[in-house]
Amino acid sequence: MPRLSEVIAALENLWPAERAESWDAVGTVVGEPGQDVGRVLFAVDPVQEIVDEAVGLGVDLLVTHHPLYLRGTTTVAASTFKGRVVHTLIKHDIALHVAHTNADTADPGVSDALAGALDLRVVRPLVPDPGDPDGRRGLGRVCELDHPLTVRELAARAAERLPATAQGIRMAGDPDATVRTVAVSGGSGDSLFDHVRAAGVDAFLTADLRHHPVSEARAHGAHGAHPPLALLDAAHWATEWPWCELAAAQLDEISDRHGWGLRVHVSKTVTDPWTSQFPSPGAPN
């Protein structure tokens, strides 16, 4: 059975902390380096519901995509919901490790997992990492379809393949337009429209798209040389959850190679914060 320090070293090799954005908070949040690790749980969010699941499974290490304390804190009192998470983890000897933007840009990373869930063939990063001479790391992915689909069919595939959420898939554009190339970015992606336009793709699938960036993107496409860009907006959590399965498979392979015998789990608990959705009467569908 490996020590936590050994497992963390393997995870840091997959997602080096120095490749995280400067504003990010990644790495080990809770954990004794010398403790033994036999079970590991991967999840998107380090919320109490996930921590309680980790306790129930008897895991020794919880790995999440989202940070627990992104902007720092002055207290871990159990009277705060994040402090309660810390208390629960320590009480049950569960370590917490975070891989966020360093997992977004990894090869393979969050957007590779998203593309894989949708059966898209990755061509290249949408925003290449200038520090990668092989040109494989970076933010987002430019992908190709095995055969053309309509925007409607691509949206239906996303709704079917990604975890179910109250939001489902929102779509902007001609539902009958043909899609051959797609840009994808797990998590919030509306800061990437310039890169998406430069890539010349037919559609962009991401999360957290806001009114003004979408409106401007649609207006820009209506007067451009290319057909208007189709936009597919999924729930933030749903676009990042496939990474948990990818990351778990990577750790499984490392465990087998080292003879660690780890038992690696992926949480299927839905931690998307939206719980219901009511379409407006007469709304377009």
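Note: the structure precedes this text.
All of the points below concern the structure found in this document. All values reported here derive from a predicted model rather than from experimental measurement.

What counts as what
Residues numbered from 1 in each chain as written. Predicted model: local features only at pLDDT ≥ 70, side-chain atom pairs only at ≥ 80, totals over all residues. Heavy atoms only, no water. Core = buried A, V, L, I, M, F, W, Y, C linked by side-chain atoms within 4.5 Å. Buried < 20%, exposed > 50% of the residue type's maximum accessible area, 1.4 Å probe, protein only. Helix = DSSP H or I, 4+ residues; strand = E, 2+ residues; numbered from the N terminus. Contact = heavy atoms within 4.5 Å. Pairing = 2+ DSSP bridges. Axes fitted to C-alpha atoms, helices over the stretch in contact; angles between N-to-C directions. Parallel < 35°, antiparallel > 145°, perpendicular 65-115°, else oblique. Nonpolar A, V, L, I, M, F, W, Y, C, P; charged D, E, K, R; others polar. Right-handed = clockwise from strand over helix to strand, strands pointing away.

## Focus: the nonpolar core
Part 1 of the argument: Judged by nonpolar contacts, the single largest core of 52 residues is most densely connected at Trp15, Phe42, Leu61 and Trp243.
Part 2 of the argument: By residue number, the principal contributor to this core is helix H9 (residues 236–258), which donates nine residues.
Part 3 of the argument: If we skip the residues at most four places from it in the chain, Phe42 touches Trp15, Val63, Cys244, Ala247, Ala248, Leu251, Val264, His265, Val266 and Ser267.
Part 4 of the argument: Grouped together as the second largest cluster of nonpolar side chains are 15 residues, Leu41, Val51, Tyr69 and Val85 included.

## Considering helix H5 (residues 110–117)
Part 1 of the argument: Burial runs high along H5: six of the eight residues are buried.
Part 2 of the argument: The complete set of buried residues in H5 reads Val110, Ser111, Asp112, Ala113, Leu114 and Ala115.
Part 3 of the argument: Those residues of H5 that are buried are in contact with helix H4 (101–104), strand S5 (121–128), strand S6 (138–150), strand S8 (178–188), strand S9 (203–207) and H9.
Part 4 of the argument: Phi for Asp119, located one or two positions after H5, is positive at around 60°.

## Quick word on the sheet that holds S6
Part 1 of the argument: Across the sheet, which stays open at both edges, the six strands sit in the order S5-S6-S8-S9-S10-S7 with mixed pairing between neighbours. Where the open sheet ends on each side, the last strands, each with one partner, are S5 and strand S7 (169–172). Pairs of neighbouring strands in the sheet enclose a mean axial angle of 25°, with direction left out of account.
Part 2 of the argument: Relative to S6, S5 is paired through six bridges, and the arrangement is antiparallel. Residue pairing for S6: Arg124 is matched across the bridge by Val142.

## Focus on the sheet that holds strand S2 (residues 39–43)
Consider a sheet: its strands pair through backbone hydrogen bonds, and that pairing is either parallel or antiparallel.
Part 1 of the argument: Within the open sheet, the five strands sit side by side as S1-S4-S3-S2-S11. Their pairing is mixed. A strand with exactly one partner marks an edge of an open sheet, and here the two such strands are strand S1 (27–30) and strand S11 (263–266). Averaged over all pairs of adjacent strands, the angle between strand axes in this sheet comes to 25°, irrespective of strand direction.
Part 2 of the argument: On the sheet, helix H1 (residues 4–14) packs against S1, strand S3 (61–64) and strand S4 (95–98) and is oriented at approximately 20° with respect to S3.

## A closer look at the packing of H5 against H9
Part 1 of the argument: Two elements in contact, H5 and H9, have axes whose closest approach is 7 Å; the angle formed by their N-to-C orientations is 100°. Judged by the angle between their axes, H5 and H9 are roughly perpendicular. On H9, the residues touching Val110, Ala113, Leu114 and Ala117 of H5 are Thr239, Glu240, Pro242, Trp243 and Leu246.
Part 2 of the argument: Each residue belonging to the contact of H5 with H9 can be placed in one class, and the counts come to seven nonpolar, one polar and one charged.

## Here we look at unusual backbone geometry
Part 1 of the argument: Note the cis peptide between Asp107 and Pro108, where omega equals -5°.
Part 2 of the argument: Tracing the chain through its elements places Pro108 in the loop between H4 and H5.
Part 3 of the argument: If you check the backbone angles, Asp93 has positive phi at about 55° while not being a glycine.
Part 4 of the argument: Topologically, Asp93 is positioned in the loop between helix H3 (81–91) and S4.
Part 5 of the argument: Positive phi is not limited to glycine here, since Asp119 has a value of about 60°.

## With respect to the pairing of S9
The side chains of a regular strand alternate between the sheet's two faces.
Part 1 of the argument: Counting buried residues in S9 gives five out of five residues, a clear majority hidden from the surface.
Part 2 of the argument: Where burial is concerned, the two faces of S9 agree: the one with Ala203, Leu205 and Ala207 and the one with Phe204 and Thr206 are both buried.
Part 3 of the argument: Examined bridge by bridge, S8 and S9 share four bridges and lie parallel to one another. Looking at S9, one finds that Val182 is bridged to Ala203.
Part 4 of the argument: The parallel pair S8 and S9 is bridged by helix H7 (residues 193–199), and the resulting crossover is right-handed.
Part 5 of the argument: Looking at chain direction, S9 and strand S10 (residues 230–234) are connected through five bridges and run parallel.

## Re the environment of Ala117
Part 1 of the argument: Position of Ala117 relative to the elements: it lies in helix H5.
Part 2 of the argument: Between the C-alpha atom of Ala117 and that of Gly138, which follows or precedes it by 21 residues, the distance is 19 Å.
Part 3 of the argument: Not counting residues up to four positions away in its chain, the partners in contact with Ala117 are Arg161, Leu162 and Pro242.

## A word on the pairing of S4
Part 1 of the argument: Here S4 shows no split at all, with Ala95 and His97 on one side and Leu96 and Val98 on the other all buried.
Part 2 of the argument: Of the strand pairs in this sheet, S1 and S4 are connected by three bridges, and their pairing is antiparallel. Its bridge partner lying in S4, Gly27 is registered against Val98.
Part 3 of the argument: Alignment of S3 against S4, held across four bridges, turns out to be parallel. Paired with Val63 across the bridge in S4 is His97.
Part 4 of the argument: Handedness of the β-α-β unit built from S3, H3 and S4 comes out right-handed.

Honestly, that's just the spatial picture; any functional story needs more than this.
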